[in-house]
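# What the coordinates show
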Amino acid sequence: MQKIASILIFSCLIILSLGAKTVSSDNINDYLYRLDNMLESDDYNEDLMRQVGPYLKELDLALKNEATYRKAKDKRMETLREIIKASGSDLEKVFSCEVKLFDEYRGYCYDSMFVSGNRCRMIGVKMGSKDKIAKGEIMQARAFLVGGYFKECDNIISKIDTSKCSVPTKIDYLKISFDMNYEDGFYVPLKVFAEDPYLIEMERLLDELELYIKDENDDILLNCKAQIAFHKRDSEEAILYFGKGLKQSKKGTLEYSEFISGVGYNTLAKGFIVPAMDYMTQSAIISIKDGSRSYHSMRKIAECMYIIGNINKSYQYIQIAMKNAQDFNSRYRLYEASKLLPKVDKELYMVIKETNDKKTIAIISLIVLLVLLMICSYYVVVQNRKLAKQKIIISEQNEELKTNNTTIENTNEALCEANLIKDKILGRMIKETALRNELFEKVQKDISRKIKVRNYEDIPAAIELARKENKSTLESFDAMILQLFPDFAIQFNKLLKPECAIISDAENVLTPELRIFALIRLGITKNDDIAKCLYYSVNTIKSYKTKVINVSLVDKEQFYEELSNIKFNRFGNIG
């Protein structure tokens, strides 16, 4: 019954998994279409999510503290406003603070940018400074550009007179003209022109900029070259120039953010999602920490999440991008974000619908499962009755087993007694061997005395006696060992390297090494006791033991453990 229940549960799980499918995506633009084709499986998408997970975690943390960063920016702007108010008729100081305030408004509010730029222009009029007038007009043009008002931006640029302006102002004028063509080139499809007028104009403006800027590694020149490469879809070259600018920019600044986002966009265009996400999330985090309301990279991050198949994250980030565009009042950013939002919204709807369908299937499956479990419960009750009868039979069989166990225990006790008797006999034999060895010592001393008194005639007889006694003792020892351990030499050699196996010269005769370790197997472990039993010196015993351990297949501790496991012949006759 348990097997049946398991099969039913497993079947319901299979039913719950039906209807699941990979979220499909239409190509957002050319390079996103190429990326979409690269993502071949759910496993690959999950691997990408694991890799970009740390970047998203850091981004989400910054978004969580968004309000704190906005307060800090509001405080900076309020401080500048107070300085402007307190400066009164010091127009130079007012102009300087207004420029700083304009920079704070960048990425914060298009309307405020434009108003701040207009104030700079009016201050320039009051001061009679054509340079400041031109700079204020350039700031207004910049506000129109980031707001997506290209025609208005072009109208202002066409009226700016920089003939009597300073070099920095002329550079600013050329750069805003360049940026307008760059942004306009993305907004207007290039296919409508036989030639690319935006590229031609950008290259012309770059040539003019190079007349004023001699350092080829200047941030402005690097940015322009990178934008031209990006416009031409040459990602390699764009990454090169954006990367140079990135290296020489101060980390955490808005300039750093612009360069790193450029690297990220072009890395994404090459199809490398993970490093692109690293760059783009860094760019977004810098903008968030600056207190900006426009995170340019957020839209691209949402697109990547859409391609990977994480619709929830894509929806979250594209909503942020849309809110940024609305807060900043940029119709261009709204247009960019709106291309993705309907696709994400549609996919999210499908995901929610699929989830609801799965819930419906789950409920039906659980009802079916409940009915089946009720049926199974009935059969369980029937089986329990049968089990009760079986318990009675098992109880009777247990009683028989107890009786048999008692018999086995009695037999084991008898065997233990037999082993104890054998152990005593072994102890006696070992003791006799030790006594004989003591006799040999006495004979040795006797011979020494005879030599001292020059009684040489009796020495051969004493030596022959000692030899006979020693041989008799060792033969008796070998016979006893081989009766108890018939295959002791074979089992012992298994512990040694094959080429170092110990082979006896004669049958039923053990070598000194085998005798030493046979005694150890019997429980005689002290070198002094072994020496007395075999009539060797302690140093000889140590030497033999070291020699054997050195050729062992295992370490010393394991060697002695394996030695103690050598089985003896329980029925050997040692009498």
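We now turn to the structure provided with this report. None of these values were measured; they are calculated from a predicted model.

Check the secondary structure of the protein chain and you find 23 helices and 0 strands. For the protein chain, the proportion of its 575 residues judged to be buried stands at 40%. Residue pairs in contact within the protein chain that sit at least 24 positions apart in sequence constitute 67% of those at least 6 positions apart. As presented, the protein chain carries roughly 33,400 Å² of accessible surface, and 55% of it is formed by carbon and sulfur atoms.

Once that is clear, we can look at unusual backbone geometry. In terms of backbone geometry, most residues other than glycine have negative phi values and most peptide bonds are trans. Even without being a glycine, Arg-233 presents a positive backbone phi close to 65°. Relative to the helices and strands, Arg-233 is located in the loop between helix H11 (219-231) and helix H12 (235-248). Overall, the relative accessible area of 55% leaves Arg-233 in the exposed class.

Before going further, it helps to examine the packing of aromatic side chains. Counted according to the given criterion, the structure contains 14 aromatic pairs. A ring pair is formed by Phe-492 and Phe-517, whose centres lie 5.2 Å apart and whose planes are at 40°; its orientation type is tilted. Note that Phe-492 is positioned in helix H19 (residues 488-493) and Phe-517 in helix H20 (residues 512-521), a separation of 25 residues in sequence. Take Phe-492: its relative accessible area is 0%, and that puts it in the buried class. For Lys-132, the ring lying beneath its charged end belongs to Phe-95, and the centroid distance is 5.2 Å. A cation over an aromatic ring shows up here: Arg-293 above the ring of Tyr-108, its NZ or CZ 4.2 Å from the ring centre.

Next up on the list: the packing of helix H13 (residues 254-269) against helix H14 (residues 273-289). The N-to-C vectors of H13 and H14 enclose an angle of 155°; their axes lie 8 Å apart at closest approach. By the angle between their axes, H13 is roughly antiparallel relative to H14. Considering the relative orientation of H13 and H14, their crossing is left-handed. Along its contact with H13, which presents Tyr-256, Ser-257, Ile-260, Ser-261, Val-263, Gly-264, Tyr-265, Thr-267 and Leu-268, the element H14 presents Ile-273, Pro-275, Ala-276, Tyr-279, Met-280, Gln-282, Ser-283, Ile-286 and Ser-287. Here the residues of the contact of H13 with H14 are counted per class, giving 11 nonpolar, 7 polar and no charged.

Ranked by size, the top nonpolar core spans 87 residues in total, and within it Leu-59, Leu-63, Met-277, Met-280, Met-298, Ile-301 and Tyr-317 carry the most contacts. Element by element, the count of residues in this core is highest for H14, at 9 residues. Those residues in contact with Met-277 that sit more than four places away from it in its chain are Val-52, Tyr-55, Leu-56, Ile-301, Cys-304 and Met-305. One finds Ile-481, Ile-502, Ala-531 and Leu-563 within the second-largest nonpolar core, a separate group that totals 29 residues.

This next bit is on the environment of Val-99. Inspection of the secondary structure assignment puts Val-99 in helix H5 (residues 91-105). Note: C-alpha distance between Val-99 and Met-113 (14 residues apart in sequence) is 9.9 Å. Look past the residues within four positions of Val-99 in its chain and what remains in contact with it is Cys-120, Lys-135 and Met-139.

All chains considered together, the criterion is met by 21 salt bridges. The residue Asp-47 makes a salt bridge to Arg-50 at a minimum N-O spacing of 3.6 Å. With a gap of 3 residues between them, Asp-47 and Arg-50 both fall in helix H3 (residues 42-64), about one helical turn apart.

Once that is clear, we can look at a nonpolar patch on the surface. Residues Ile-363, Ile-367, Val-371, Ile-375, Tyr-378 and Tyr-379 make up a contiguous nonpolar surface patch of roughly 630 Å² in combined accessible area. Within the fold, Tyr-379 resides in helix H17 (residues 331-452). Judged by relative accessible area, which is 44%, Tyr-379 ranks as partly exposed.

Looking at where Asp-179 falls in the secondary structure, it is placed in helix H9 (residues 167-187). In terms of polar contacts, Asp-179 uses its side chain to reach the side chain of Lys-175, at 2.6 Å.

Now for helix H4 (residues 66-87). End to end, H4 covers 32 Å across 22 residues, agreeing with the expected 32 Å (1.5 Å per residue, within 8%). Among all positions in H4, only Arg-70, Lys-73, Met-77, Leu-80, Ile-84 and Ser-87 are buried. Taken around the axis of H4, the buried residues stretch over an arc of 110°, which confines them to a single face. H4 presents Thr-68, Lys-71, Lys-75, Lys-85 and Ala-86 as exposed residues on the side facing more than 90 degrees away from its buried surface. One or two steps after H4, the chain reaches Gly-88, where phi turns positive at roughly 60°.

Spanning 16 residues, helix H10 (residues 197-212) covers 23 Å between terminal C-alpha atoms, matching the ideal 22 Å at 1.5 Å per step. Burial in H10 covers these residues: Tyr-198, Leu-199, Met-202, Leu-205, Leu-206 and Leu-209. For H10, the angular spread of the buried residues around the axis is 130°, confining them to a single face. Structurally, the start of H10 carries an N-cap: the backbone nitrogen of Tyr-198 is 3.1 Å from a side-chain oxygen of Asp-196.

Now for the environment of Thr-511. If you trace the backbone, Thr-511 turns up in the loop between H19 and H20. Residue class for Thr-511 comes out buried when judged on its relative accessible area of 12%. Residues in contact with Thr-511, not counting those within four places in the same chain, are Ile-502, Ile-503 and Ser-504.

Before going further, it helps to examine the environment of Asp-207. On the secondary structure map, Asp-207 appears in helix H10. Residue Asp-207 is classed as partly exposed on the basis of its relative accessible area, which comes to 47%. In sequence terms Asp-207 and Leu-221 are 14 residues apart; their C-alpha atoms lie 9.8 Å from each other.

The interhelical angle for the contact between H12 and H13, taken along N-to-C directions, is 155°, at an axis separation of 8 Å. Comparing the axis directions of H12 and H13 gives the class roughly antiparallel. Note that H12 runs across H13; the crossing there is left-handed. On the side of H12, the interface is formed by Ser-235, Ala-238, Ile-239, Phe-242, Gly-243, Gly-245 and Leu-246, while H13 contributes Tyr-256, Phe-259, Ile-260, Gly-262, Val-263, Asn-266, Thr-267 and Ala-269.

About the thresholds
Residues numbered from 1 in each chain as written. Predicted model: local features only at pLDDT ≥ 70, side-chain atom pairs only at ≥ 80, totals over all residues. Heavy atoms only, no water. Helix = DSSP H or I, 4+ residues; strand = E, 2+ residues; numbered from the N terminus. Buried < 20%, exposed > 50% of the residue type's maximum accessible area, 1.4 Å probe, protein only. Contact = heavy atoms within 4.5 Å. Areas by Shrake-Rupley, 256 points an atom, 1.4 Å probe, with all protein chains shown as cover. Phe/Tyr/Trp six-rings, centres within 6.5 Å; stacked < 30°, edge-to-face > 60°. Lys NZ or Arg CZ within 6 Å of the ring centre and 35° of its normal. Axes fitted to C-alpha atoms, helices over the stretch in contact; angles between N-to-C directions. Parallel < 35°, antiparallel > 145°, perpendicular 65-115°, else oblique. Left-handed = near helix turned anticlockwise from the far one by under 90°. Nonpolar A, V, L, I, M, F, W, Y, C, P; charged D, E, K, R; others polar. Core = buried A, V, L, I, M, F, W, Y, C linked by side-chain atoms within 4.5 Å. Salt bridge = Lys/Arg side-chain N within 4 Å of Asp/Glu carboxyl O. Patch = residues over 30% accessible without salt bridge, like charges linked within 9 Å, V, L, I, M, F, W, Y side chains within 5 Å. Polar contact = N/O pair within 3.5 Å; in protein donor to acceptor, adjacent residues only side chain to side chain. Expected span 1.5 Å × (residues − 1). Arc of directions from axis to C-beta.

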